[in-house]
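Descriptive analysis of the structure
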Amino acid sequence: METDVALKVLGGLGLFLLGIHHLTEGLKSFAGDSLRRALQTAVSGRFSAVVSGALFTAAIQSSTATILTVIGFVSAGLITFTQAIGVTIGATFGTTSTPWLIAVFGFRVRIADGALPLLGVGALLWLVASGRLRSLGAILAGFGLLFTGIDFLQTGMKGVTWNLEAFAGTGFFARWVLAGIGIVMTIVMQSSSAAAATTLVALDAGSLTFEQACAMVVGQSIGTAATSALAALGGGLAVRRTAIAHVTFSLVVGVLGIAFLGPLVNAAEWLGGRLGDLDGVLALAAFSSIFKLAGVMVFYPWLDRFAQFISRIAGSGGETAVSHLEPAVARTGGTIALEAAWRAILEVARGGVDAVRASLAGERAGYVPPTQAIQQIEQFLESVSLDTIDPSVAEFRLVRICHALDDLSTLQQELARIPAAVSDWQPPPGYAEGARALASWLDATKEPETAAGAAVTSPVEKAREQLIQERKAERERLLGDVALRRVPAATAASALESLRWAESALQGAQQLIESLHAARGE
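An account of the accompanying structure is given in this report. Residue indices follow the written sequence of each chain, beginning from 1 at its first position. Reporting of local features is limited, given that this is a predicted model, to residues whose pLDDT is at least 70; pairs of side-chain atoms are given and counted only at 80 or more, and all residues count toward the totals for whole chains, interfaces and linings. By convention in this description, side-chain values take in all heavy atoms of the structure and omit both hydrogens and water.

Some words on the environment of A268
A run of H or I in DSSP counts as a helix once it spans at least four residues, and a run of E counts as a strand once it spans at least two, with each numbered from the N terminus. Note that A268 resides in helix α15 (residues 261-274). For each residue, the accessible area found with a 1.4 Å probe, counting protein chains only, is set against the maximum for its type, and the residue is called buried under 20%, exposed over 50%, and partly exposed in between. By relative accessible area, A268 is classed as buried at 0%. Spatially, the C-alpha atom of A268 lies 4.8 Å from that of F287, the residues being 19 residues apart in sequence. Excluding residues that lie within four positions of it along the chain, A268 makes contacts with F210, A283, A286, F287 and I290. The contact rule is simple, with two residues in contact once any of their heavy atoms fall within 4.5 Å.

Shown next, in the form of C-alpha cells:
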C-alpha cells in the first residue's frame, strides 16, 4: 500500500471514529437522562429487555454505551441479572443499525457531498449554542465527520487488494483466521462500527470477497466483548456476572457463526439480491443482521438457565447496596447513580434507626458506626459527573440525598452517646410508641422498591410530639420528687438525660426518614 493511500485510509478511519464519538455523545446528551429512564422502565421481562437493548443501541449508535449502562443498572440493583443479559444480547443486535446506515447513506444514496456543509453547521452549533441545540450540533457534526471519513476510506482503498488468501489461506480454517482479524480490528479501533465501516469499504473496493467480509464481521462481533472483559477487572459480583455473560454470549455466537457461515452467507446474498444490491454492501449489512438475530434466537429460550450458569461460574457473595457503588455506576450517571446512592444511604440508615428503636424499646443497642460505608457513599457522590444529571429531573434529588447523608451523620453523633438504662425509673409511654413507629418504618423499607411513604413517616412524627409533651411532664414530676426527697437526685438526673436523648434521637431519626422519603425521586 502506497504512502498516500495509507494516509487517506488512516485519515478516513480517524474521521469516522471521531464522527461516531460525536454522534453518540450528541445523541446521549440530546436525549438526556430520559433515554436511560426509558430503558430502565421498559425492561420488565425477557422479551422487553432484548427489544429495549436493541432500540437503545440503535438510538445512541453504541453497543459499548448500552453495555456500560446496563452494567450500571445491574450494579445498582435496578434490574435483575436475567434482564441485564437480555439487554446485552439485544444490544448486540442493535449494532446492526450502523452497517445499514453506512451501506444506505454511504454507498447507495452517497450523501458525502453534503457531509461538509453538515459538518460546518454542526460544528458552529456545537461551539456557540447551549443545551439541546449544542447537542444537535454534535449530532450533525458527527454525521458530517462519519460520511466524510467514509469518503476518504473509499478514495484510499480504490484499487487496493488485501490478498487475504495469501495470509489466511482458503477453506474452513481460513474463516477462523479472518474472524481473528475482525477481533483484532475491533479491539484496536475500540469500535465495532469503525471495523464494520472499514470492511464495507474494502468490500465495495473489491479488496475482499463477500465470504471473507462476512467472516470478519463475525470476528468483529466477538471483539465487542473486550469492553465487558475490561469492565469485569476489579468490578464487583454484579459487574463480573454481566461481563462474563456478554463475553460468553459473544464467543458462543461467534463460533456458531463461523461454523454455519455458508448458510448465513447464502441467506444474506439472497436478501441482497432482492434489494438490488450489486456491490454487496447491502448484503453484508443483511448478513450482520441475520447472523446476530440468529444468535439472539439461539440464546433467548435459555436466558434463565444461562443466567443460572453464569451465576455459578462467576461465584457468589453477599452484596450490599454500598458495595454496588462502583465506578461503572458512577460513569452511568444520572438517575441511575443517584438511585444507587439513595439505596446505599437507606441501607446504612436502617442500622442507625434500628439502634434508636432498640434503645427506646429497652433492648441492648450494640451499634457500630458504619464510618467506612459513609465515606464510600460520599466518595461515590463526588465521582458522579454533574454533566450526567438533568437539572429539571435529578437536581432536587441530589440535594435531598446530601441532606439525608448529613442527617445520617447527625444521628450517628446521637448514637455515640446512648445513655445507660436507669434503674428504679419507668420511661413514659412515648418510648414504646416511638419504638413501634420506627419498627413500622423498618418493616416498610426492607425492600427499596417499597420504601416508606408519608403513611409510615407520620407515626414517627406523632411519637416524637408525644415524647416532647411527656418529657416536659416527667421533668416536672421528677424535679418535684427530688425536692421532696422521694427520688434520689442521681436517679432523676439520669432519667432526665435519658429523656433528652430519647427526644433528640427520635427527632434525628425522623429528620433522616423524612430526608430519605424526599430523596426517593418520585
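Describing the packing of helix α12 (residues 210-223) against helix α16 (residues 281-299)
Working convention: axes come from line fits to C-alpha atoms, limited for helices to the stretch in contact. Angles between N-to-C directions cover 0 to 180 degrees. With their axes 10 Å apart at the nearest point, α12 and α16 run at an angle of 45° to one another. With respect to each other, α12 and α16 are oriented oblique. Two packed elements cross with a definite hand, and for α12 against α16 that hand is right-handed. Between α12, through F210, A213, C214, V217, V218 and S221, and α16, the contact on the second element is made entirely by A283, L284, F287, S288, F291 and K292. Any angle between 65 and 115 degrees counts as roughly perpendicular, while under 35 counts as roughly parallel, over 145 as roughly antiparallel, and the rest as oblique. Crossing handedness is read from the near helix: turned anticlockwise from the far helix by less than a right angle, it gives a left-handed crossing, and turned clockwise, a right-handed one.

Description of the side chain of T96
Checked against the element boundaries, T96 lands in the loop between α5 (81-94) and α6 (97-108). Polar contact criterion, stated in full: a pair of N or O atoms within 3.5 Å, where within protein one must be able to donate a hydrogen and the other to accept it, and residues adjacent in sequence count only if both atoms are side-chain atoms. Of the polar contacts made by the side chain of T96, one reaches the backbone oxygen of F93; its length is 2.7 Å. Excluding residues that lie within four positions of it along the chain, T96 makes contacts with S288, S289 and K292.

Concerning the packing of aromatic side chains
Geometry of an aromatic ring pair is reported as the spacing of the ring centres plus the angle between the planes. Within 6.5 Å between ring centres, the rings of Phe, Tyr and Trp (the latter by its six-membered ring) count as paired, and their orientation is classed by plane angle as stacked under 30 degrees, edge-to-face over 60, tilted in between. Summed over all chains, the structure comprises 4 aromatic pairs. Aromatic pair F299 and F306: ring centres 5.0 Å apart, planes at 80°, arrangement edge-to-face. For F299, a relative accessible area of 9% puts it in the buried group. Take F306: its relative accessible area is 9%, and that puts it in the buried class. Measuring from centroid to centroid gives 6.2 Å for W425 and Y431, while their planes differ by 75°, and the two rings are edge-to-face. The exposure class assigned to W425 is buried, which follows from its relative accessible area of 11%. One aromatic cluster is present, built from ring pairs that chain together F249, F299 and F306. The side chain of R46 reaches across the aromatic face of Y300, ending 4.9 Å from its centre. Definition used: whenever NZ (Lys) or CZ (Arg) falls within 6 Å of the ring centre and also within 35 degrees of the ring normal, the charge is taken to sit over that ring.

The values are spatial; any link to function lies outside them.
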